[in-house]
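# Reading the structure
So the chains spell out like this:
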Amino acid sequence: YLLYFIKEALYFVILQSDSRNGKRGGKERKMSSKDCSVNNIYQLEGRVPLLKAIPFGLQHILAMFVANLTPITIIAAAGGLSQAEIAVLLQNAMFIAGIATLIQLYPVWKVGSGLPIVMGVSFTFVTVLCTVASNYGYPSVVGAVLVGGLFEGTLGLLAKYWRKLIAPVVAASVVIAIGMSLFSVGARSFGGGYAEDFGSAQNLLLGTITLVVCLGWNCFAKGYLKQLSVLVGLLVGYVVAILMGKVDLSVIFAGGFVSLPKLMPYKPEFHAGAILSVCIIFLVSAAETIGDTTAMVATGLNREIESKEISGSLACDGYASSLSSLVGCPPVTSFSQNVGLLAMTKVVNKFTIMTGAGCMILAGLLPPVGNFFASLPESVLGGCTIMMFGTIMTSGMQMLAKAGFNQRNVTIAALSLAVGVGFTAASEIDLWHIFPEIVQSVFSANVVAVAVVVSIILNLVLAKNMDVDKMSE
């Protein structure tokens, strides 16, 4: 994949150079928009000039970079790892996220969806992996993720046998639940994340400036430049953060200039309890991936998702997570933040997203690049992403409208969301205290998991002709 990226990059540099001279390979050649055009950013396939593709790919990476690193820090700390060990894992995670994104874009056999899905370390696994790390040690996390990834990957390859369980109304309910679950994430980032000065005037001002810049650019920019509103907001917010003293530039060059990923930094250990609990969370992650992929296809490509795309997306989720465990990292999954960005900008070109994956790989190999991305303040990220999360929820609403607002669909969506949101609210978490610890860890604070289970059960048990029966009465 690294060689493929270099080849494509060189190809586009040469192509642009040749287009200026009107020649290629010594022969006259007339360039067409089909060959290489910035308008192709709205097409899944097609060539985009390299220098114009990079900003769009970079926008995707900046939108998810901090969120990609935070779960590792939390899980590794629960496992008692040192700061030096955590730093190695952060570098490995950036590298593996880039590789996993490339596999999603350009499948290997049946692994990968062929869709612009950006991969990264998910918060979904934080609670259960922290428990495993504290009870069994960090090597048990590696072993559980290795087995759990193989489990989800194989489940993905067999998706055609259970695909019908995810009816359109179920997928719509899951996407809406994903959007709702991210609202608090956006608000937390807007206020400064988990820093000691959360909610301070500086953080709120920084988030507001970033949000206003994003909105202003989206309103006044012309043509394809309009779709770079998030990148512009991030850059302006970053500069303002530097002026406010919120960024420590000295950390950018800490850790040397080149760092190769270390294979098997921890020998995997296998414990049945840890593996079982992690496999259950992989099922939840699979539901989120189905929701993310379905939402991306519906909003970005304006069509229904195909079974092979769901199968490939889940297979990549699982097997890439097993690969991630081999470099000591937690699972990698589809990133909902980037689905929101795709829904907002409609930039779905695979080559464009591939340039972002290349940036992630470079960040994993070159510590200064990774440190620069990681130094982005949470408030800046929150200012850009809070609207994107709302876009995910509205995408789910559009999917629900397409499925139809009949009595059956409304019942399924209403009850699954009411139970999912209501039963997982922080103030009502004691509702789960009578259940075993493993059930609590899966459902008590996970609106998506509850919504998935309730919507699937209702879709199976409710009569298909509910509306017909009511009309006959």
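Residues numbered from 1 in each chain as written. Predicted model: local features only at pLDDT ≥ 70, side-chain atom pairs only at ≥ 80, totals over all residues. Heavy atoms only, no water.

Right, let's talk about the overall build of the protein for a bit. In terms of regular secondary structure, the protein is built from 18 helices and 4 strands. Taken over C-alpha atoms, the radius of gyration comes to 22 Å for the protein, in line with the 23 Å a tight globule of 473 residues would show. Seen through its principal axes, the protein has C-alpha atoms that stretch 75 × 60 × 50 Å. Taken across its 473 residues, the protein has 55% of its residues classed as buried. (Helix = DSSP H or I, 4+ residues; strand = E, 2+ residues; numbered from the N terminus. Rg over C-alpha atoms; globule rule 2.2 N^0.38 Å. Buried < 20%, exposed > 50% of the residue type's maximum accessible area, 1.4 Å probe, protein only.)

The subject of this paragraph is the state of the cysteines. For the coordinates displayed, the defined rule picks out 0 disulfides. Looking at the unpaired Cys130, the closest cysteine sulfur is the one in Cys329, lying at 15 Å. Since its relative accessible area comes to 17%, Cys130 is described here as buried. No disulfide involves Cys384; its sulfur sits 3.4 Å from that of Cys214, the nearest cysteine. What makes Cys384 buried here is its relative accessible area of 3%. (Disulfide = S-S within 2.5 Å.)

Here we take up the pattern of salt bridges. Under the defined criterion, the tally for this structure stands at 4 salt bridges. Glu306 serves as the salt-bridge partner of Lys308, at 4.0 Å between the closest nitrogen and oxygen. (Salt bridge = Lys/Arg side-chain N within 4 Å of Asp/Glu carboxyl O.)

What follows concerns helix α10 (residues 307-325). With 19 residues, α10 ought to run about 27 Å at 1.5 Å a step, and its terminal C-alpha atoms sit 27 Å apart, in line with that. Most of α10 is tucked away: 15 of the 19 residues are buried. (Expected span 1.5 Å × (residues − 1).)

Looking now at a nonpolar patch on the surface. Together, Leu165, Val453, Ile457, Leu460 and Val461 line one region of the surface with nonpolar side chains, adding up to about 430 Å² of accessible area. Take Val461: it is sitting in helix α17 (residues 447-461). (Patch = residues over 30% accessible without salt bridge, like charges linked within 9 Å, V, L, I, M, F, W, Y side chains within 5 Å. Areas by Shrake-Rupley, 256 points an atom, 1.4 Å probe, with all protein chains shown as cover.)

Tallying each qualifying case throughout the model produces 5 aromatic pairs. Centre to centre, the rings of Trp432 and Phe443 are 6.1 Å apart; their planes meet at 10°, and the pair counts as stacked. Of this pair, Trp432 sits in the loop between α15 (407-424) and α16 (437-443) while Phe443 is found in helix α16, placing the two residues 11 residues apart along the sequence. According to the relative accessible area criterion, Trp432 is buried, its value standing at 10%. An aromatic cluster of three or more residues is present, and its members are Trp432, Phe435 and Phe443. Its guanidinium or amino end placed over the ring of Phe198, Arg188 lies 4.0 Å from that ring's centre, counting from NZ or CZ. (Phe/Tyr/Trp six-rings, centres within 6.5 Å; stacked < 30°, edge-to-face > 60°. Lys NZ or Arg CZ within 6 Å of the ring centre and 35° of its normal.)

The geometry of helix α7 (residues 201-220) relative to helix α14 (residues 378-403) is characterised by a closest axis approach of 7 Å and an angle of 45° between their N-to-C directions. Here α7 is positioned oblique relative to α14, judged by the angle of their axes. Here α7 and α14 pass one another in a crossing that is right-handed. The residues of α14 that touch α7, namely those facing Asn203, Leu206, Gly207, Thr210, Leu211, Cys214 and Leu215, are Ser379, Val380, Gly383, Cys384, Ile386 and Met387. (Axes fitted to C-alpha atoms, helices over the stretch in contact; angles between N-to-C directions. Parallel < 35°, antiparallel > 145°, perpendicular 65-115°, else oblique. Left-handed = near helix turned anticlockwise from the far one by under 90°. Contact = heavy atoms within 4.5 Å.)

Where helix α8 (residues 229-243) contacts α14, the two axes come as close as 8 Å, and the packing angle between them is 155°. Taken together, the axes of α8 and α14 are roughly antiparallel relative to one another. Crossing of α8 over α14 shows right-handed handedness. Side by side, α8 and α14 meet where Val230, Gly233, Leu234, Gly237, Tyr238 and Ala241 of the first sit next to Val380, Leu381, Cys384 and Met388 of the second. Within the contact of α8 with α14, the residues separate by chemical class into 8 nonpolar, 2 polar and no charged. (Nonpolar A, V, L, I, M, F, W, Y, C, P; charged D, E, K, R; others polar.)

This part is about the nonpolar core. Counting residues in each nonpolar core, the largest one holds 140 residues, and the members touching the most others are Leu129 and Tyr138. With 14 residues, the top contributor of residues to this core is helix α9 (residues 272-301). Ignoring any residue separated from it by four or fewer positions in sequence, one finds Leu129 in contact with Ile75, Val141, Val145, Val278, Pro330 and Pro331. (Core = buried A, V, L, I, M, F, W, Y, C linked by side-chain atoms within 4.5 Å.)

With that settled, consider unusual backbone geometry. Its identity is not glycine, yet Trp109 carries a phi of approximately 60°, on the positive side. When you line up the elements, Trp109 lands in the loop between α3 (83-105) and β3 (119-121). The exposed category is assigned to Trp109, whose relative accessible area is 66%. We note that Met264 has phi near 50°; this positive angle belongs to a residue other than glycine.

To continue, consider the confidence of the model for the protein. In the predicted model, the protein carries a mean pLDDT of 85, and the fraction of residues at 70 or more is 91%. Within the model, the stretch residues 17-33 combines pLDDT values under 50 with 17 contacts to residues more than four positions away or in other chains. (pLDDT = per-residue confidence, 0-100.)

All right, on to the side chain of Asp317 then. Residue placement: Asp317 occurs in helix α10. There is no salt bridge for the buried Asp317, and the closest opposite charge comes from Arg163, which lies 15 Å off by N-O distance. Only 3.4 Å separates the side chain of Asp317 from the backbone nitrogen of Ser334, close enough to count as a polar contact. The residues contacting Asp317, other than those within four sequence positions of it, are Gln104, Met119, Glu152, Ser285, Thr289, Val332, Thr333 and Ser334. (Lys, Arg positive; Asp, Glu negative; His and termini not counted. Polar contact = N/O pair within 3.5 Å; in protein donor to acceptor, adjacent residues only side chain to side chain.)

Time to look at the environment of Val126. Looking at where Val126 falls in the secondary structure, it is placed in helix α4 (residues 126-136). Judged by relative accessible area, Val126 falls into the buried class, the value being 11%. Residues Val126 and Ile72 lie 54 residues apart in sequence; the distance between their C-alpha atoms is 8.2 Å.

Inspection of the secondary structure assignment puts Lys464 in the loop between α17 and α18 (466-472). With 417 residues separating them in the primary sequence, Lys464 and Arg47 have C-alpha atoms 45 Å apart. If sequence neighbours within four positions are ignored, Lys464 has contacts with Arg408 and Asn459.

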